[in-house]
Number of protein chains: 2
Amino acid sequence: MRNIKLLIEYDGTNYHGWQRQLNAITIQEIMENMLFRITSEKTPIIASGRTDSGVHALGQVANFKTTSQIDDISFKKAFNSLLPKDIVVKDAVTVDDNFHSQHYAKSKIYRYCILKRSYPSAFDYRYSWLIKQPLDIDAMKEATSFLIGTHDFSSFRSSTCEARDPVRTLIRLDIEQDRDMILFYFEADGFLKQMVRNIIGTLVYVGNGRFKPITMKTILENKNRTSAGPTAPPQGLFLIEVKY
Amino acid sequence: MRNIKLLIEYDGTNYHGWQRQLNAITIQEIMENMLFRITSEKTPIIASGRTDSGVHALGQVANFKTTSQIDDISFKKAFNSLLPKDIVVKDAVTVDDNFHSQHYAKSKIYRYCILKRSYPSAFDYRYSWLIKQPLDIDAMKEATSFLIGTHDFSSFRSSTCEARDPVRTLIRLDIEQDRDMILFYFEADGFLKQMVRNIIGTLVYVGNGRFKPITMKTILENKNRTSAGPTAPPQGLFLIEVKY
């Protein structure tokens, strides 16, 4: 059996997230169906983690086992000739038998994009959260400092999050401005369900003055989802990279 | 009567270009329908020029006459609350009675995007032309030098182009690289039908070695469309700015 690692890019707009569901179309289901057409094997494709409905990926990693003799480059080409245009295999490589895209992941990088202008964008509405009101970037940067490090992130997990342990290590949370976009880069050893979007919603409350930066510390210590701000919409979120 | 100038952005993917057509949905038709809902006046909205089916705009300019007393900012907001998400009014300003978005245009800037990589993009496939083969950027730059200035551009006009005079002044044709994208910026006092896309198709023939850079000079002098390269696909083309 070969173990093949895929690097995948997808526009999540038209999908109910990565993970197979009974009554909704997902990226995993489409990829597994295409793999079946390529190899005639019914094989699960395991990703580094789920992405939610409407969330995008520039660097999702997944792997699958196969007895197929098709070489790596031909696998990549076969996927791309069959997949819809909004899902692309950027790379396919045969890796060590033990490699597991979820268990071996050391950290993940997510990017969230806020579009900060007074009118919508005909192009970026699928890939950003439009905010028209002023945002104090310095206040938001100050608030992020309380989140860096190893913490119980219960205040920022979805009520439907199934993770047993709510402790994660946030390695990096940088805020960059690029013209009318505010880009937030998160790197952590793992993320709880909707953790990035809940932190973004809370940071926006800091940016618009509803919360003081120091309030972020209190919210984190409360370990209670109701203390934090709202959940930011999914379309601004991209899984950028999975590190192994 | 007031004369209102609009700055418009649109994703052309789902439209048959700007100009009204009998049996196809166009941006002009949608905008005029929304204007009627705002003012109850049946008024033409005149753009600086047509854009073809599938071509995008970041800075299309248009104008219309109205007896409405709605202020400029409210016009902008009313349009954006009614328009589909892929058409956005960036600005609405009352201007001099004489202003005419087409006749007063001094020059236009178009950008064409080639995505230069070995696999497709899940995001940019609507906004670029994917080219996998190597392209010699220096050769393409050399070829552009023959096009700058005032010339008869008959070799690069569509056979269905209705312009009486094929002479145009190409002020600028710059090629820039931004990661895996090659961006071509065209500025001219006006463009013949499909002129940018026909020049791009010919530049790609230079880039891949099928034509020598000097061949561009011969093609221009031939004043014959059949000498030039193919028409590049529409989705890489953006109308960036109209200067007055």
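Residues numbered from 1 in each chain as written. Chains lettered and ligands numbered in written order. Predicted model: local features only at pLDDT ≥ 70, side-chain atom pairs only at ≥ 80, totals over all residues. Heavy atoms only, no water.

Asks: I would appreciate a short explanation of the overall build of chain A in the present structure.
Replies: In terms of helices and strands, chain A carries five helices and 10 strands. Principal-axis analysis of the C-alpha atoms places the extent of chain A at approximately 60 × 40 × 30 Å. Contacts in chain A between residues far apart in sequence, at least 24 positions, make up 70% of those at least 6 positions apart. Carbon and sulfur atoms provide 48% of the accessible area of chain A, an area that totals close to 11100 Å². (Helix = DSSP H or I, 4+ residues; strand = E, 2+ residues; numbered from the N terminus. Contact = heavy atoms within 4.5 Å. Areas by Shrake-Rupley, 256 points an atom, 1.4 Å probe, with all protein chains shown as cover.)

Asks: It is not clear to me how the domain arrangement of chain A should be interpreted in this structure. Could you clarify?
Replies: Many descriptions give the size of an interface as the accessible area lost when the pieces come together. Residue and element names in this part refer to chain A. Along its sequence, chain A is carved into domain 1 (2-95) and domain 2 (107-243). Its C-alpha centre places domain 1 at a distance of 27 Å from the equivalent point of domain 2. With 16 residues of domain 1 at the contact, the number on the domain 2 side is 17 residues. Interface area, domain 1 with domain 2, both sides summed: about 1200 Å², of which 54% is carbon and sulfur. The three residues of domain 1 that bury the most area against domain 2 are D52, H56 and L58, which together make up 40% of that side's buried surface. Inspection of the region where domain 1 meets domain 2 yields two salt bridges. The salt bridge partner of R50 is E162, with a shortest N-O separation of 3.9 Å. Considered class by class, the residues forming the side of domain 1 that touches domain 2 number four nonpolar, nine polar and three charged. (Domains from an automatic or database assignment. Buried area = accessible area lost by both parts, 1.4 Å probe. Salt bridge = Lys/Arg side-chain N within 4 Å of Asp/Glu carboxyl O. Nonpolar A, V, L, I, M, F, W, Y, C, P; charged D, E, K, R; others polar.)

Asks: Explain the nonpolar core here, please?
Replies: In a soluble, globular protein the nonpolar side chains are often hidden away together inside. Residues and elements named next belong to chain B. If you look at the biggest cluster of nonpolar residues, it comprises 69 residues, and the most contacted ones within it are M31 and F79. Looking at this core, the element that brings in the most residues is helix α4 (residues 195-207), giving eight residues. Among the domains, domain 1 (2-95) and domain 2 (107-243) are the pair contributing at least three residues each to this core. With sequence-adjacent residues up to four places away left out, F79 is seen in contact with L6, M31, M34, L35, I38, I45, F64 and V89. (Core = buried A, V, L, I, M, F, W, Y, C linked by side-chain atoms within 4.5 Å. Buried < 20%, exposed > 50% of the residue type's maximum accessible area, 1.4 Å probe, protein only.)

Asks: Explanation requested: the interface of chain A and chain B in the structure shown.
Replies: Residue-level contacts link 25 residues of chain A with 25 residues of chain B. Here chain A and chain B share an interface that buries about 1800 Å² over both sides, 64% of which is from carbon and sulfur atoms. Broken down residue by residue, the surface that chain A buries against chain B is led by Y119, A122 and F123 of chain A, which jointly contribute 33%. Counting the contacts that link chain A with chain B gives two salt bridges. A salt bridge links R117 of chain B to E9 of chain A, with the nearest nitrogen and oxygen atoms 3.2 Å apart. At the level of secondary structure, the elements contributing two or more residues to the side of chain A that touches chain B comprise β1 (2-10), β3 (56-66), α2 (72-82) and β4 (87-95) of chain A. Here the element with the most residues in the side of chain A that touches chain B is β4 of chain A; it accounts for four residues.

Asks: Is there a simple way to think about the side chain of T26 of chain B in this case?
Replies: Residue and element names in this part refer to chain B. Topologically, T26 is positioned in the loop between β1 (2-10) and α1 (27-39). Residue classification places T26 among the buried residues on the basis of a relative accessible area of 0%. Polar contacts involving the side chain of T26 include one to the main-chain amide nitrogen of E29, which spans 3.4 Å. Discounting residues that sit within four places of it in the chain, T26 has contacts with Y15, H16, G17, W18, Q19, R20 and Q21. (Polar contact = N/O pair within 3.5 Å; in protein donor to acceptor, adjacent residues only side chain to side chain.)

Asks: What's the story with the pairing of strand β9 (residues 181-188) of chain B in this structure? I'm lost.
Replies: Here is the key point about a regular strand: its side chains alternate between the two faces of the sheet. Residue and element names in this part refer to chain B. Within β9, eight of the eight residues are buried, which leaves the element mostly enclosed by the surrounding structure. Alternating positions in β9 separate into two faces, M181, L183, Y185 and E187 on one and I182, F184, F186 and A188 on the other, with burial throughout. In terms of strand pairing, strand β5 (residues 107-116) meets β9 through eight bridges, oriented antiparallel. In the sheet register, I109 faces β9, and the bridge partner there is E187. Bridge count for strand β8 (residues 167-178) against β9 is eight bridges, and the pairing is antiparallel. Each bridged residue has a counterpart across the sheet, and for I175 the counterpart in β9 is F184. Hairpin connection between β8 and β9: a loop of two residues separates the two successive antiparallel strands, and R179 in this loop has a positive phi of roughly 50°. (Pairing = 2+ DSSP bridges.)

Asks: Just checking my understanding: could you explain the relation of the copies chain A and chain B for this structure?
Replies: It takes a turn of 180° to lay chain A on chain B, together with a shift of 0.0 Å along the axis; the resulting RMSD is 0.0 Å. Taken together, the rotation angle and the small translation identify this as a two-fold axis. Measuring from the rotation axis to each C-alpha of chain A, the shortest distance belongs to F123 of chain A, at 5.3 Å. Take the interface residues of chain A: 100% of them recur as interface residues in chain B, which is what a same-surface contact looks like. (Least-squares fit on C-alpha atoms with pLDDT ≥ 70 in both.)

Asks: Any chance you could explain the environment of V89 of chain B here in plain terms?
Replies: Locating V89 of chain B in the fold gives a position in strand β4 (residues 87-95). Sequence spacing of V89 of chain B and F184 of chain B is 95 residues, and the spatial spacing of their C-alpha atoms is 25 Å.

Asks: Where do I start with the side chain of T51 of chain A in this structure?
Replies: All names here are of chain A. Note on placement: T51 falls in the loop between β2 (46-47) and β3. Within the structure, the side chain of T51 is placed 2.8 Å from the side chain of Y10, a separation counted as a polar contact. Not counting chain neighbours up to four residues away, the residues in contact with T51 comprise Y10, G17, W18, Q60, Y110 and L239.

Asks: Would you mind showing me how to read the pattern of salt bridges here?
Replies: Where charged atoms from two side chains of opposite charge approach closely, those side chains can pair. Residue and element names in this part refer to chain A. Within this structure, the stated rule accounts for 24 salt bridges over all chains. For R172, the salt bridge goes to E187, with nearest N and O atoms at 4.0 Å. Here E187 lies in strand β9 (residues 181-188) and R172 lies in strand β8 (residues 167-178), a separation of 15 residues in the sequence. For E187, a relative accessible area of 8% corresponds to the buried category.

Asks: Just checking my understanding: could you explain the packing of helix α3 (residues 137-144) of chain A against helix α4 (residues 195-207) of chain A for this structure?
Replies: The relative placement of two packed helices comes down to the angle between their axes together with the axis-to-axis distance. All names here are of chain A. Interhelical geometry of α3 versus α4 gives an angle of 130° and a closest axis separation of 8 Å. With respect to α4, the element α3 is oriented oblique. You can see that α3 and α4 cross each other, and the crossing is right-handed. Taken together, the residues of α4 that come into contact with α3 (itself represented by A139, M140, A143 and T144) are L203, V204, V206 and G207. For the contact of α3 with α4, the residue count by class is six nonpolar, two polar and no charged. (Axes fitted to C-alpha atoms, helices over the stretch in contact; angles between N-to-C directions. Parallel < 35°, antiparallel > 145°, perpendicular 65-115°, else oblique. Left-handed = near helix turned anticlockwise from the far one by under 90°.)

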